[in-house]
Amino acid sequence: MVNPGFAPRDIPLFSIPDYVVFAIMLAICTGIGIYYACAGGGQRTTRQFLLADRQMQILPVAMSLLASFMSAITVLGTPAETYVYGTMYFMFCISYLIMGMAAAHIYMPVFFNLGVTSAYEYLERRFSKGVRRVGSATFILQMVMYMGIVLYAPSLALEAVTGMNVWAAVLSLGIICTFYTTIGGMKAVLWTDTFQVCVMVAGFLAVIIQGCLQLGGIAEVWKVNYEGGRLEFFNFDVDPRVRHSSWSVHIGGTFMWIAIFGVNQAQVQRYLTVDKLSRAQIALYLNVVGLWLIVTLATLCGLVLYAFYKDCDPIVAGYIRTSDQLMPLIVMEILSWLPGLPGLFVSCVFAGALSTMSSGLNSLSAVTLEDFVRSYKKDLTEAQYTMISKILVAIYGGLMMLMAYVSSFLGGILQAALSIFGMIGGPLLGLFTLGILFPWANAWGAYAGTATSFLLVFWVGIGAQIYKPPVNKPPISVDGCPRINETISNVTMSTVTMVTDMFTTTEAGPVVDDRPDIAKYWYSMSYLYYSVIAVLTVLIVGLVVSFITGAQDPEELDPRLITPFFDTVCCCFPERWRAKLRCGVPQEDRELWMEKDAEEFEQGQELVELKPVGRDSQKQLLRRKTPWDNEPEDYYSKKYQDGGPPRDEEMRNLKGEEDHDGDKPPANPNGNVPDERSSKSSVDFESSI
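Note that this is a predicted model, so its numbers are computed, not measured.

Peer 1: Kindly report on the packing of aromatic side chains, identifying the contributing residues and their values.
Peer 2: Throughout the structure, instances matching the rule amount to 25 aromatic pairs. Ring geometry for Tyr 83 against Tyr 306: centres 6.1 Å apart, planes inclined by 55°, an arrangement best described as tilted. With Tyr 83 in helix H4 (residues 72–85) and Tyr 306 in helix H12 (residues 277–309), this pair connects stretches of sequence that are 223 residues apart. Summarising the burial analysis for this pair, Tyr 83 and Tyr 306 share the class buried. One aromatic cluster in this structure is built from Tyr 89, Phe 92, Tyr 96, Trp 257 and Phe 261. Against the face of Tyr 85 rests Arg 243, its NZ or CZ located 3.9 Å from the ring centre.

Peer 1: Could you give an account of the packing of helix H8 (residues 166–215) against H12, with specific residues and numbers?
Peer 2: As a packed pair, H8 and H12 sit with axes 9 Å apart at the nearest point and diverge in direction by 35°. Classified by chirality, the crossing of H12 by H8 is left-handed. Here Val 201, Phe 204, Leu 205, Val 207, Ile 208, Gly 211, Cys 212, Gln 214 and Leu 215 of H8 come into contact with H12, specifically with Leu 293, Ile 294, Leu 297, Ala 298, Leu 300, Cys 301, Val 304, Ala 307 and Phe 308. For the contact of H8 with H12, the residue count by class is 16 nonpolar, 2 polar and no charged.

Peer 1: So what about the packing of H12 against helix H14 (residues 326–334)? Which residues, and what values?
Peer 2: Viewed as axis vectors pointing N to C, H12 and H14 meet at an angle of 65°, and their least axial separation amounts to 11 Å. As far as their axial angle goes, H14 and H12 are roughly perpendicular. With respect to the hand of their crossing, H12 and H14 are arranged in left-handed fashion. Packed against H12, whose contacting residues are Cys 301, Val 304, Leu 305, Phe 308 and Tyr 309, the element H14 presents Leu 326, Met 327, Leu 329, Ile 330, Glu 333 and Ile 334 at the interface. Among the residues making up the contact of H12 with H14, the classes are represented as 10 nonpolar, no polar and 1 charged.

Peer 1: An account of unusual backbone geometry is requested, with residue identities and associated values reported.
Peer 2: For Ala 52, which is not glycine, the phi dihedral falls at a positive 55°. Looking at where Ala 52 falls in the secondary structure, it is placed in the loop between helix H2 (46–51) and helix H3 (58–69). Unusually for a residue other than glycine, Arg 54 sits at a positive phi of about 55°.

Peer 1: Help me get a handle on the pattern of salt bridges, residues and values and all.
Peer 2: Summed over the entire model, instances satisfying the criterion amount to 11 salt bridges. One salt bridge in this structure joins Arg 241 and Asp 239, with 3.0 Å as the shortest N-O distance. If you follow the salt bridges from partner to partner, you end up with Glu 124, Arg 132 and Asp 371 in one network.

Peer 1: Tell me about the side chain of Ser 136, and please be specific about residues and values.
Peer 2: Structurally, the position occupied by Ser 136 is in helix H7 (residues 129–162). For Ser 136, a relative accessible area of 0% gives the class buried. Each residue touching Ser 136, except ones within four places of it in the same chain, is listed here: Tyr 120, Val 367, Asp 371 and Phe 372.

Peer 1: Which residues make up the state of the cysteines, and what are the values?
Peer 2: Linking two cysteines covalently through their sulfur atoms gives a disulfide. Throughout the structure, instances matching the rule amount to 1 disulfide. Sulfur-sulfur distance for the disulfide between Cys 312 and Cys 481 comes to 1.9 Å. Between Cys 312 and Cys 481 the sulfur-sulfur dihedral comes to about 110°; the bridge is accordingly right-handed. Taken together, the positions of Cys 312 in the loop between H12 and helix H13 (314–317) and Cys 481 in the loop between helix H18 (443–466) and strand S1 (496–498) put the pair 169 residues apart, joining distant regions of the chain. A relative accessible area of 7% places Cys 312 in the buried class. Classification of Cys 481 by relative accessible area gives buried; the value is 5%. Cys 301 takes part in no disulfide bond, and the closest cysteine sulfur, belonging to Cys 348, lies 8.2 Å away. A relative accessible area of 1% places Cys 301 in the buried class.

Peer 1: A description of the confidence of the model for the protein should follow, citing residues and the corresponding values.
Peer 2: Confidence in the prediction for the protein averages 79 pLDDT; 78% of positions are at 70 or higher. Here strand S2 (residues 505–507) stands out as the element of the protein with the lowest mean pLDDT, 36, in contrast to helix H20 (residues 530–549), whose mean of 96 is the highest. Note on residues 487–510: pLDDT under 50 across the span, and 83 contacts to partners over four residues away in sequence or across chains. A low-confidence stretch, residues 657–689 (pLDDT under 50), is modelled with 71 contacts involving residues beyond four sequence positions or located in other chains.

Peer 1: Break down H18 for me, with residues and values.
Peer 2: In a regular helix each residue adds 1.5 Å, so 24 residues correspond to 34 Å; H18 covers 34 Å between its end C-alpha atoms and thus fits that length. A side-chain oxygen of the first residue of H18 lies 3.1 Å from the backbone nitrogen of Trp 444; this N-cap is Asn 442.

Peer 1: Any chance you could break down the side chain of Ser 64 for me, citing the residues and the numbers?
Peer 2: Its location among the elements puts Ser 64 in helix H3. By relative accessible area, Ser 64 is classed as buried at 0%. At a separation of 2.9 Å, a polar atom in the side chain of Ser 64 contacts the side chain of Arg 270. Setting aside residues no more than four positions away along its own chain, Ser 64 makes contact with Leu 190, Asp 193, Arg 270 and Ser 359.

The rules behind each value
Residues numbered from 1 in each chain as written. Predicted model: local features only at pLDDT ≥ 70, side-chain atom pairs only at ≥ 80, totals over all residues. Heavy atoms only, no water. Phe/Tyr/Trp six-rings, centres within 6.5 Å; stacked < 30°, edge-to-face > 60°. Helix = DSSP H or I, 4+ residues; strand = E, 2+ residues; numbered from the N terminus. Buried < 20%, exposed > 50% of the residue type's maximum accessible area, 1.4 Å probe, protein only. Lys NZ or Arg CZ within 6 Å of the ring centre and 35° of its normal. Axes fitted to C-alpha atoms, helices over the stretch in contact; angles between N-to-C directions. Left-handed = near helix turned anticlockwise from the far one by under 90°. Contact = heavy atoms within 4.5 Å. Nonpolar A, V, L, I, M, F, W, Y, C, P; charged D, E, K, R; others polar. Parallel < 35°, antiparallel > 145°, perpendicular 65-115°, else oblique. Salt bridge = Lys/Arg side-chain N within 4 Å of Asp/Glu carboxyl O. Disulfide = S-S within 2.5 Å. pLDDT = per-residue confidence, 0-100. Expected span 1.5 Å × (residues − 1). Polar contact = N/O pair within 3.5 Å; in protein donor to acceptor, adjacent residues only side chain to side chain.

As structure tokens, this is what we get:
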């Protein structure tokens, strides 16, 4: 509804060709799902359904990594972000590069070398089963909330341009996505993601090219944005309350994106669909290049938006309700001359949403099956586990549609989504970092650090919504809007609801900040620092509690659980220096642990968990069942007291290791999983525990 005093604006709606283009996109996605449901005998095992049988090529994996979290949030939110605040968001490109290097060389090797299906299996091997459950439950909460936002966003866009009821759009999109993910499994997800990335790029290019042609060229667009104060690429203000500064974007953004691409199950699961670590790393680096392309195109769309509406802000005038509807609005105004182009853009929005939702549904199914179902139901057949996986996808599809309703009350989609990853993904990143980089951490430290981190980030995050911080924005104008009368004067800083804030932020002329002091300083912190606070809290509290309760002995750890950080960043150092920097972790035993795992798979012997020995062993190692497992007293403590061999020597005997005369070369700390290990599903490994 147009605000009082402004004349109505003639905005075209969808035509039949637009609906046809949109329907074709949905039909192709559904067809891909049906094809992979039937091809090769269908998705008969959990390995095929959840990991695409680990036979995928690099390109579809890279495209899927790109599509998983560059969705409708990016298509709608990033151009609106540029229109409202300027181009500072573009500088995330630097964060993407740092994220790619960290994820590829610190986090990815651990998951890949262990051959896990659920990333949270690592937490059990490193800490305890309880820590694993905490991580899994946190991921489920995070993804269900995020997918609700992703589903609601394109439905809102469709309502703006077609008049279709938003909830009808939610149901139709949710049902189609759930359908092809349920029947097609991971292969359908990867190939639909590849197709959907192409649709996203085409939609962006259509807006940029037509907008620049209509506005007089890219140089004119750039000039208008410069004069309007939208071009900002560097802001070195050290105040942490500045929403987007160079420090918050580069530091906070790096932590936030590592939480997404480094330890998030949806991404880890994609890494594991290829057969070699090096191929997974290549896919991740290609994904970084794709991120640069998508963010560049989205930012250019935002510049076109401002150049087009510089004299008539459509939110103030009341032509649209939220800034997230800016892109659909300009599409209908500049592309409707050619029937089918608006349909291409709406397909672009929906393609982004479908890619994220399908990835989320598949990963939620994997985590629930591996971390919960298999723990309680160990005697089911592989076919039954696969059927449970598909049922879980359908259940989470229903929850996703329910969360879309809740998302309708969250306001803007961009910061809402990123804040969720900071408040929930940050503690998870801290938990994995504690285990992967700090060999002294134990289970008690993991519990304490994670709990404290959650309390801290939710305190600041919720406080920021109760006491909404004022945000400085470049000026807007309605001087060029058609009016019913001339009683409305030019507005350069109007009362505007800017929904790219997490809920709403209202700015009306000079702001009088009458909030309490804690809100002025603590609650006003940039949302990008949430992940930084979360990770540092987990590390500090986790290490302090670990040393108080008895630190883990690094020599007892499976070396595959620890990333040899200095072997990666200080590869030119002499071996004796790097050996000292490994903090006592026996990295030279990596091959022995791999061989032991392979032997367990081949022999199919029952595995049990060793109990912790006193305060010095919080780690639970896996070994074959032996006659002394039923003894009431811990075997290793008893043997040591009786003058028997110490624990590390006994573990070598259990694994069948023999000391050699130095004729065997040391293991590569970053080596890949042996063929026999990677050829076995970690699902089978977990079910035998």
